[in-house]
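# Residue-level structural notes
Listed below, chain by chain, are the residues.
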Protein chains: 2
Amino acid sequence: MEEKIRLGILGYGNLGRGVEIAVKNNSDMELVAIFTRREPEELKTLGKTPVVNVSEIEEWKDKIDVLILCGGSATDLPVQGPKYAEMFNTIDSFDTHAKIPEYYKNVNESAKKGNKVSIISIGWDPGAFSLNRLYAESFLPNGNTYTFWGKGVSQGHSDAIRRIEGVKNAIQYTIPVEDAINRVRNGENPALTTREKHIRECFVVAEVGADKKEIENKIKNMSNYFSDYDTIVHFITEEELKANHSGMPHGGFVIRSGKTGIENQTNQIIEYSLKLESNPEFTSSILVAYARATYRLSKNGEYGAKTIFDIAPNMISRKTNEQLLKELL
Amino acid sequence: MEEKIRLGILGYGNLGRGVEIAVKNNSDMELVAIFTRREPEELKTLGKTPVVNVSEIEEWKDKIDVLILCGGSATDLPVQGPKYAEMFNTIDSFDTHAKIPEYYKNVNESAKKGNKVSIISIGWDPGAFSLNRLYAESFLPNGNTYTFWGKGVSQGHSDAIRRIEGVKNAIQYTIPVEDAINRVRNGENPALTTREKHIRECFVVAEVGADKKEIENKIKNMSNYFSDYDTIVHFITEEELKANHSGMPHGGFVIRSGKTGIENQTNQIIEYSLKLESNPEFTSSILVAYARATYRLSKNGEYGAKTIFDIAPNMISRKTNEQLLKELL
């Protein structure tokens, strides 16, 4: 019998839970431990995988093939990525685009020191969308690439609203502007401003007695987050928020509008889109696929930090070369 | 100055002409020779690249980094692929799906003998669509993948109609059924028959005095090509055919409808689509991108036959690792 790839999870939030579920759809893998900073007995997991305090993680060095880092990009991963890359083959979903080069450098140094493989920034953006940006611009070098996000919940924007005085709770949806997408699809190659690409729609629960007009103004004028967008603010009750806005849908579009032909007269459109009912479950599912690649690369004697661009597609598939030629090519 | 990748073209039809044009959008490459079975002086090319009779191709062994085989899959490539893989690094668009395993084996043997790299079956299907089938099923192992083609001209079906007695000329469009696509997009995971997925629409020029009813019957009942489909036949004049049906548009959709979540309750949809005004120009453009990978793999000391599944995405991009991390990830 084939030996299973032994996975560990570090951090048990939405993403960690998603990985726990996703492993079940990949029978060549098994989850052997979930590591947490909390007291293990406090953690209610979905299955029967041992829960271990992270202080004991080193004892698992030889029992885990790939450690999936499920912490957040703001404060967890910048520390955990470099720290555990020396000890384990790792994979993570680091998604602070502007800080990827620095993060890559730090993880790469650690992974090389430990002779381990670390695949960073896996998910759908960065991740599947990045792949499609690369493929599309390589297939059609003469053209423009457009990325639209949504409709979906932006955690960062929701958090930003929650920090406003008088706000009890809030959810923010990023919505792509349909007309802009259609102009791109039609090969118009429009120059689009931030405002023309996305709308921001906010559902806000105000504290009793809070000044709603004031809250709305503060949201709409918040720089970096809202001031460059057309923003719609709805005030709703906590019950409505729970009933209608507790899912984590997301999605988006990567569209390449390119030209070919002797006089660049030929329009060629490549479009990749996602319609996700659960953002964290999808991200987790991709993480697990790339855990397979992490394991295989390590078995092949490779080491250092890698991104999705470095990984040949066949490394994430369970199919043999013969099956790939016959069934998928 | 960076040395350019020196390309050769073998076979100057729609695809060869497309490659000649596509090279201009890739300033790291240059086209050094076009090989033909015809008399070189008979060939009207678009640029100033030397045209050489294929009988002299061996003299170009050290002057060409990658030979792009632009012949057809029916009779040219099964011979040319294995023949030239021993002499040159090659790339081709072999697209007879059922015969890919055999073709791979033959090319692989030759390429290994010659210490050369041959990337086979590059284009959009096989090619970009194959990639998306692999990625999507690996990201969402629990689900179904659907491929729809069109709206676009099928050369094979057009040829089949032209072989009918009394037919002077014909063009056949493959049209995906919108309702079927929408059911897939909605996560219904329908079981679709051949008839439910595509319609075939034919524009036929009949010879003077031919029996149109008879031609229509022969088309609609032709097994393998039309009998499993709803087929629409229009009779038009040669002038109308030239005026309205001389383009080679194509396209299609690869849609993965997957489930995640503890009870597989979450719908996740991945969709990849192409809308091409020129099928051969797009195929050529992808061939040129993978010529870059062929060259790099060969420089890295690799050899043998490869498919699109074996090639890490960064191998086709002109960007450095630093640029990829910063601009595309």
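Report follows, based on the coordinates.

The rules behind the values
Residues numbered from 1 in each chain as written. Chains lettered and ligands numbered in written order. Predicted model: local features only at pLDDT ≥ 70, side-chain atom pairs only at ≥ 80, totals over all residues. Heavy atoms only, no water. Buried < 20%, exposed > 50% of the residue type's maximum accessible area, 1.4 Å probe, protein only. Helix = DSSP H or I, 4+ residues; strand = E, 2+ residues; numbered from the N terminus. Arc of directions from axis to C-beta. Contact = heavy atoms within 4.5 Å. Pairing = 2+ DSSP bridges. Axes fitted to C-alpha atoms, helices over the stretch in contact; angles between N-to-C directions.

When helix 11 (residues 321-328) of chain A is considered as a whole, its buried residues turn out to be Leu 324, Leu 325 and Leu 328 of chain A. Taken end-on, helix 11 of chain A shows its buried residues confined to a sector of 120°, consistent with a single buried face. Exposed positions of helix 11 of chain A whose direction lies more than 90 degrees from the buried face are Glu 322 and Lys 326 of chain A. Against the buried residues of helix 11 of chain A lie helix 3 (100-114) and helix 4 (128-139) of chain B.

This part takes up the pairing of strand 1 (residues 5-10) of chain B. Residues and elements named next belong to chain B. Most of strand 1 is tucked away, with five of its six residues classed as buried. Where strand 1 meets strand 2 (residues 29-36), six bridges bridge the pair, whose relative direction is parallel. The residue bridging Ile 5 from the neighbouring strand is Met 29, located in strand 2. As paired strands, strand 1 and strand 4 (residues 66-69) are joined by four bridges and run parallel to one another. For Gly 8, the partnering residue across the bridge sits in strand 4 and is Leu 67.

Attention now moves to the sheet that holds strand 1 of chain B. Residue and element names in this part refer to chain B. Taking strand neighbours across the sheet as the criterion, the seven strands line up as 3-2-1-4-5-6-14 in an open arrangement whose pairing is parallel. Two strands close off the open sheet at either side, each with one partner strand: strand 3 (51-53) and strand 14 (304-306). This sheet shows a mean twist of 25° between the axes of neighbouring strands, independent of strand direction. Two strands pair when backbone bridges link them, and strand 2 and strand 3 are joined in this way by three bridges, in the parallel orientation. Residue Ile 34 lies in a different strand from strand 3, and its bridge partner there is Val 51. Packing of helix 2 (residues 76-85) onto the sheet brings it into contact with strand 1, strand 4, strand 5 (90-92) and strand 6 (117-119), and relative to strand 4 it is tilted by some 175°.

Purely geometric stuff here, so don't read any function into it on its own.
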